[in-house]
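Below, each chain spelled out in residue letters.
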Amino acid sequence: MKDRFEYAKRKYAEIGVDVEAAMERLKEVPVSVHCWQGDDVTGFDYKGPLTGGIQATGNYRGKATTPEQLMQDMDFAMRLMPGKKKLNLHACYAIFEDGEFADRDRLEPKHFAKWVEFAKERGLGIDFNPTFFSHPKVKDGLTLSSPCEETRKFWIEHGKVCIRISEYFARETGIPCVMNIWTGDGYKDIPADRMGPRLRYRESIEEILSEPFDRNLVKPCIESKVFGIGVESYTVGSAEFTLLFAAFNKGCIPLMDNGHYHPTETVSDKIPALLCYFPEIALHITRPVRWDSDHVLLFDDETREMAKEIVRCNALERVHMALDFFDASINRISAWVVGFRSWQKALLYALCLPHERLARLQDENNMTELMMLQEELKVYPFSDIWEEYCDRCGVPEDWFGRIMKYEEEVLALR
Ligand code: RNT
Ligand code: ZN
């Protein structure tokens, strides 16, 4: 195996790529692991169905149903993922001690103390998301854009308490917290007023962000969407609305989820466009199949292309990367691990490309050689670099066998 790695390393060196440097660089890049793959976005605060136009399908055995189980599963999964991680939480994952309960507008840092403990023990930063769905106060499918003042107030308050919790995460872990605002607000059928909800949405988010906080600790993001299930005709937080909101509100970061665009649009192309204007951007990395289906991320063309853009733009520090998929039809731990590994592969692959040389060919209009080289690079001995990277990160070779054993010994008994 080492011989193969040495050969691959030489082969890459011939085209000017230092694979050692690539591996070292990747080890420092944090990728946020979403807790919600572990329990199909259920959370711990309400017993109702998943709403907001998103859907987890499948009923594979062994779903985590308590904080202890979710932490145990996540811990197990993370050990099988090479590279640096962050923990991504949603507000609905608040942990209440014996019989105590606080609604979403009354959440406090203490309700996340156990998560902080979990993160600190493992040296992880924490990212956060207010949860504007799966809750009785979502009125007629609306939250921050609702015409009902009481509803709007409730959700604004939720956003504000989440800022305070985000700041607490950052202070405790010493790592800034990326806080993402996404709502499923919209209409199933053709609305009579498209601007009204957007004006209310704008006002609500501005109000949330008027909560005083340290901008070095909390990085607020806003995520757009094209449509959801049951919300097919109109989405308040559309792409244009969201991008312009971020552009006009200093310090607010636009978040692109690559499941949230029309099927022939690509987020890989949008990354460099946004980087021309925003100092920082954020991503939800997923795999949409025909719609925003949130299938497990794979090492496919568009995934590689997104990673290539981030690396080419020299923007590994400017792009906050988070995974966002949830498949309940297969072993959830394998889903987590395969998805995370896919993104690591994509980043490592991108770091092992001779970007300057390729760009030069483009600038010289040598499109003949550019095509040739881009095609040849696809079958370079990348797998040997990847194996070496996993080995250096201490990931066991038989990681999948371990997941199967965990399914038998832990998940199957739930
Ligand atoms: C939904 C959005 C959103 C959620 C998570 C659970 O379409 O992608 O980011 O997936 O917040
Ligand atoms: Zn998302």
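None of the values given here were measured: they were computed from a predicted structure. (Residues numbered from 1 in each chain as written. Chains lettered and ligands numbered in written order. Predicted model: local features only at pLDDT ≥ 70, side-chain atom pairs only at ≥ 80, totals over all residues. Heavy atoms only, no water.)

> I tried to follow the overall build of the protein chain on my own but got confused; where do I start?
A count of helical and extended segments in the protein chain gives 14 helices and 12 strands. For the protein chain, the C-alpha radius of gyration of 22 Å lies close to 22 Å, the compact-globule estimate for 414 residues. With the C-alpha coordinates of the protein chain rotated into their principal frame, the extents come out at 65 × 55 × 40 Å. Scored against the burial criterion, the 414 residues of the protein chain give a buried share of 57%. About 18400 Å² of surface is accessible on the protein chain, with carbon and sulfur atoms providing 51% of the total. Here the protein chain contributes 53 positively and 68 negatively charged side chains, and the mean placements of these two sets differ by 1 Å. (Helix = DSSP H or I, 4+ residues; strand = E, 2+ residues; numbered from the N terminus. Rg over C-alpha atoms; globule rule 2.2 N^0.38 Å. Buried < 20%, exposed > 50% of the residue type's maximum accessible area, 1.4 Å probe, protein only. Areas by Shrake-Rupley, 256 points an atom, 1.4 Å probe, with all protein chains shown as cover. Lys, Arg positive; Asp, Glu negative; His and termini not counted. Charge placed at Lys NZ, Arg CZ, Asp CG, Glu CD.)

> What is the right way to look at the site of ligand 1 in this model?
Within the structure, ligand 1 sits among 13 residues, and H90, E223, K225, D257 and D324 are positioned closest to it. Within the side chain of H90, one N or O atom sits 2.7 Å away from an oxygen atom of ligand 1. At 2.9 Å, a side-chain N or O of H260 approaches an oxygen atom of ligand 1. Classifying every residue of the shell around ligand 1 by side-chain character gives 5 nonpolar, 3 polar and 5 charged. (Near = heavy atom within 4 Å. Polar contact = N/O pair within 3.5 Å; in protein donor to acceptor, adjacent residues only side chain to side chain. Nonpolar A, V, L, I, M, F, W, Y, C, P; charged D, E, K, R; others polar.)

> For this particular structure, what's the right way to read the coordination of the zinc ion (ligand 2)?
Ideal coordination angles are 109.5 degrees for a metal with four donors arranged tetrahedrally and 90 or 180 degrees for a metal with six donors arranged octahedrally. Protein-derived ligands of the zinc ion (ligand 2) are E223 (OE), D257 (OD), H284 (ND1) and D324 (OD), with the metal-ligand distances lying across 2.1 to 2.2 Å. Classification of the site at the zinc ion (ligand 2) as octahedral follows from its 6 donor atoms and the range of 72 to 172 degrees in their angles at the metal. (Donors = N, O, S within 2.8 Å, 3.2 Å for Na, K, Ca; no water. Tetrahedral: all angles 85-135°; square planar, octahedral: opposite > 155°, others 65-115°.)

> What am I meant to see in the nonpolar core here?
Note on soluble globular proteins: their nonpolar side chains tend to be buried together. Judged by nonpolar contacts, the single largest core of 128 residues is most densely connected at F112, W115, F128, F169, M321, W343 and L348. The element that contributes the greatest number of residues to this core is helix 10 (residues 332–351), accounting for 12 residues. If sequence neighbours within four positions are ignored, F169 has contacts with L89, F112, V116, I126, F128, G174 and C177. Core analysis: the second largest hydrophobic core is formed by 5 residues, V178, C221, I253 and L255 among them. (Core = buried A, V, L, I, M, F, W, Y, C linked by side-chain atoms within 4.5 Å. Contact = heavy atoms within 4.5 Å.)

> I would appreciate a short explanation of the packing of aromatic side chains in the present structure.
Aromatic rings in a pair are described by how distant their centres are and how their planes are angled relative to each other. For the structure on display, the rule yields 21 aromatic pairs. Each ring, one from F44 and one from Y93, has its centre 5.4 Å from the other, and the planes form 80 degrees; the classification is edge-to-face. Of this pair, F44 sits in the loop between strand 1 (31–34) and helix 3 (67–79) while Y93 sits in the loop between strand 2 (85–90) and helix 4 (113–121); the two residues are 49 residues apart in sequence, bridging distant segments of the chain. There is no split in this pair, since F44 and Y93 are both buried. Ring geometry for F299 versus F382: centroids 6.0 Å apart, planes at 20 degrees, classification stacked. Separated by 83 residues along the polypeptide, F299 in the loop between strand 11 (291–295) and helix 9 (301–312) and F382 in helix 13 (residues 382–392) bring together distant segments of the chain. Residue F299 is classed as partly exposed on the basis of its relative accessible area of 26%. One aromatic cluster in this structure is built from F112, F128, Y168 and F169. (Phe/Tyr/Trp six-rings, centres within 6.5 Å; stacked < 30°, edge-to-face > 60°.)

> How should I be thinking about the state of the cysteines in this particular structure?
A complete count under the given rule lists 0 disulfides for this structure. Among the cysteines around C35, which has no disulfide bond, C92 carries the closest sulfur, lying 7.0 Å off. Exposure remark for C35: the relative accessible area of 0% places this residue in the buried category. C393 supplies the cysteine sulfur nearest to C390, a cysteine that is in no disulfide, at a spacing of 6.7 Å. (Disulfide = S-S within 2.5 Å.)

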